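Below are the chains, spelled out letter by letter.
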Amino acid sequence: MNYQLSADQARLQQDVTAFCADVIASRAKKLEEGVPAERDALMRDSLKRLGKAGWLAAGYGEGGLDHVALYLVGEALARACPATFVSMRSSVHLCAGAIRLFGTPSQKDRYLKGLLGGDSVGALAYSEVQAGSDLGGITAAAQADGNTWLLGGTKDIVVNAPLADVFLVLAWHDRATGPDTGMSLFLVERSAQGPGIVGRVETMGLKGVPIASLSMDRCPSAGILGDNPGQGLSQIRRLMSLGSVGMAALGVGIGTACMEVSTAHAKARSAFGRKIGMYQDVGFKLADMFAYNDLGRMLALRAAWGFNTNDREADTLAACAKLFASEAATKIVNWGMQILAGHGYLAGSTMERLYRDAKFGEICEGTSEMLRQEIARRELDRFEGV
Ligand SMILES: Cc1cc2nc3c(=O)[nH]c(=O)nc-3n(C[C@H](O)[C@H](O)[C@H](O)COP(=O)(O)OP(=O)(O)OC[C@H]3O[C@@H](n4cnc5c(N)ncnc54)[C@H](O)[C@@H]3O)c2cc1C
């Protein structure tokens, strides 16, 4: 076995980490301040700069998706600024990723260059206020109108909605056949006919992420993803499974940023005549933080490598990586907050921001409960007949 990254992967990791530290990290605090229009402009500029530097397209080469490259870029970006990671993720991993995986050649031609180059922004709108984990409960629906589809309904929490040029919207096209074949992902371009961007959504963490609700009333669609009606739910499931490695990158990136802040504080802060890092209670927290974070990274890279090599266990490993790294991140920020104590609890401190940001991982793109069910189901299937 060889746990080392290849020379190319190591160079990618080094270069993207340096870029994010240099260009993105200083924006993390600014993204939490100011009026929404200023924050949105800063986010759009960050996505553009990441695109121009080639980081959004890393992993999307001609030879198929490179999940290790996607992970390495994701961890570096999440470490520098979790909010920028989440905005990038909706535009690139989810919207462009879905088009790349399932789109027709003309859909790829129309959208991928802009999304991967950072010139346009994408969003994925699937859940609704009454239906998050259980997507069979959505009500958004499309009606055929000549050669096109008109969408109606509301999507309540959509990352990038205030900025997005193109949306992928999950909606019914045929309720009678049930969710597995009656839903499709519809491409929707921002236009005067909709979708309406209503109700800016403010969140506990990730405050720099532009989030709003979509309101659709006879909103024209630019077509069904892949021209393949009825695949919406299975496309979302595949996207979420492959995307679990990216969500693990978010957890590990947050964990790494937290360890940097905590270690620096433990080395600088003195109490009762010693640096606090010299007290076992503090040192053991740092040790646990390192162990949990590195385990999350190893699981995520193993899953990414599994996807690259068509390992049949890759989906299970990816679910384990997202589950473990997300829960590890919330443990790590809790330990970090304890080490920084009052200095961490102050509004505006890096630790306070990371503490608020971390919880997202356990909730979105498969809650921890749904992932445990998924892993258990696969495990039971594996030993079928035993
Ligand atoms: C910051 C943020 C950004 C978001 N961005 C987007 C976006 O861009 N696009 C989009 O479409 N959506 C987005 N969402 C919505 C997100 O997808 C949902 O919040 C998520 O899917 C969870 O759904 P829910 O909140 O409705 O929880 P629910 O599904 O109602 O779950 C509530 C609780 O019940 C548990 N539960 C549910 N079913 C079961 C079961 N069968 N067994 C055991 N436990 C169960 C869950 O694990 C959870 O603990 C975003 C949400 C947030 C907070």
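Quick caveat, the model's predicted, so the values are computed rather than measured.

*Asks:* What is the right way to look at helix 10 (residues 314-340) in this model?
*Replies:* Owing to its 3.6 residues per turn, the α-helix brings residues three or four apart onto one side. Between its terminal C-alpha atoms helix 10 stretches 38 Å, which fits the 39 Å expected from 27 residues at 1.5 Å a residue. Counting buried positions along helix 10 gives 22 out of 27 residues, so the element sits mostly inside the fold. At the exit of helix 10 stands alanine 341, carrying a positive phi of roughly 50 degrees.

*Asks:* What exactly am I supposed to notice about the pairing of strand 7 (residues 211-220) here?
*Replies:* Consecutive side chains along a regular strand alternate between the two faces of the sheet. Judged from the seven bridges that link them, strand 3 (residues 148-159) and strand 7 form a sheet pairing that is antiparallel. Within the sheet, the bridge partner assigned to valine 158 lies in strand 7 and is alanine 212. Here strand 6 (residues 196-200) runs beside strand 7; their pairing, made up of four bridges, is antiparallel. Residue glycine 196 lies in a different strand from strand 7, and its bridge partner there is serine 215.

*Asks:* Would you mind showing me how to read the pairing of strand 4 (residues 166-172) here?
*Replies:* Among the seven residues of strand 4, seven are classified as buried, and the element is accordingly described as predominantly covered. Alignment of strand 1 (residues 122-125) against strand 4, held across four bridges, turns out to be parallel. Bridging across to strand 4, alanine 123 finds its partner in phenylalanine 167. Pairing analysis gives seven bridges linking strand 4 to strand 5 (residues 183-189), with the strands arranged antiparallel. Following the sheet pairing, phenylalanine 167 is matched in strand 5 by valine 188.

*Asks:* Just to check I follow, could you spell out the packing of helix 8 (residues 232-268) against helix 12 (residues 350-358) for this structure?
*Replies:* Helix-helix packing: each pair is described by the crossing angle between the helix axes and the interaxial distance. At their nearest, the axes of helix 8 and helix 12 sit 10 Å apart, and the two run at 155 degrees to each other. It follows from the interaxial angle that helix 8 and helix 12 lie roughly antiparallel. In the packing of helix 8 onto helix 12, the handedness of the crossing is left-handed. Residue-level contacts link Ile254, Ala257, Cys258, Val261 and Ser262 of helix 8 to Thr350, Met351, Leu354, Asp357 and Ala358 of helix 12. The residue inventory of the contact of helix 8 with helix 12, partitioned by class, reads seven nonpolar, two polar and one charged.

*Asks:* What should I look at first to understand the packing of aromatic side chains in this one?
*Replies:* The geometry of an aromatic ring pair is captured by the separation of the ring centres together with the interplanar angle, meaning the angle of the planes. This model, assessed by the stated rule, comprises four aromatic pairs. Ring geometry for tryptophan 149 against phenylalanine 186: centres 5.7 Å apart, planes inclined by 65 degrees, an arrangement best described as edge-to-face. Placement of the pair is tryptophan 149 in strand 3 and phenylalanine 186 in strand 5, with a sequence separation of 37 residues. A relative accessible area of 0% places phenylalanine 186 in the buried class. Look at tyrosine 292 and phenylalanine 324: their rings are 5.9 Å apart centre to centre, the planes differ by 10 degrees, and that puts the pair in the stacked class. Of this pair, tyrosine 292 sits in helix 9 (residues 280-308) while phenylalanine 324 sits in helix 10, and the two are 32 residues apart along the sequence. Look at tyrosine 292 and you get partly exposed, because its relative accessible area is 27%. What makes phenylalanine 324 partly exposed here is its relative accessible area of 26%. The residue whose ring lies beneath arginine 274 is tyrosine 279, and the NZ or CZ to ring-centre distance is 5.3 Å.

Rules behind the numbers
- Residues numbered from 1 in each chain as written.
- Predicted model: local features only at pLDDT ≥ 70, side-chain atom pairs only at ≥ 80, totals over all residues.
- Heavy atoms only, no water.
- Helix = DSSP H or I, 4+ residues; strand = E, 2+ residues; numbered from the N terminus.
- Expected span 1.5 Å × (residues − 1).
- Buried < 20%, exposed > 50% of the residue type's maximum accessible area, 1.4 Å probe, protein only.
- Pairing = 2+ DSSP bridges.
- Axes fitted to C-alpha atoms, helices over the stretch in contact; angles between N-to-C directions.
- Parallel < 35°, antiparallel > 145°, perpendicular 65-115°, else oblique.
- Left-handed = near helix turned anticlockwise from the far one by under 90°.
- Contact = heavy atoms within 4.5 Å.
- Nonpolar A, V, L, I, M, F, W, Y, C, P; charged D, E, K, R; others polar.
- Phe/Tyr/Trp six-rings, centres within 6.5 Å; stacked < 30°, edge-to-face > 60°.
- Lys NZ or Arg CZ within 6 Å of the ring centre and 35° of its normal.

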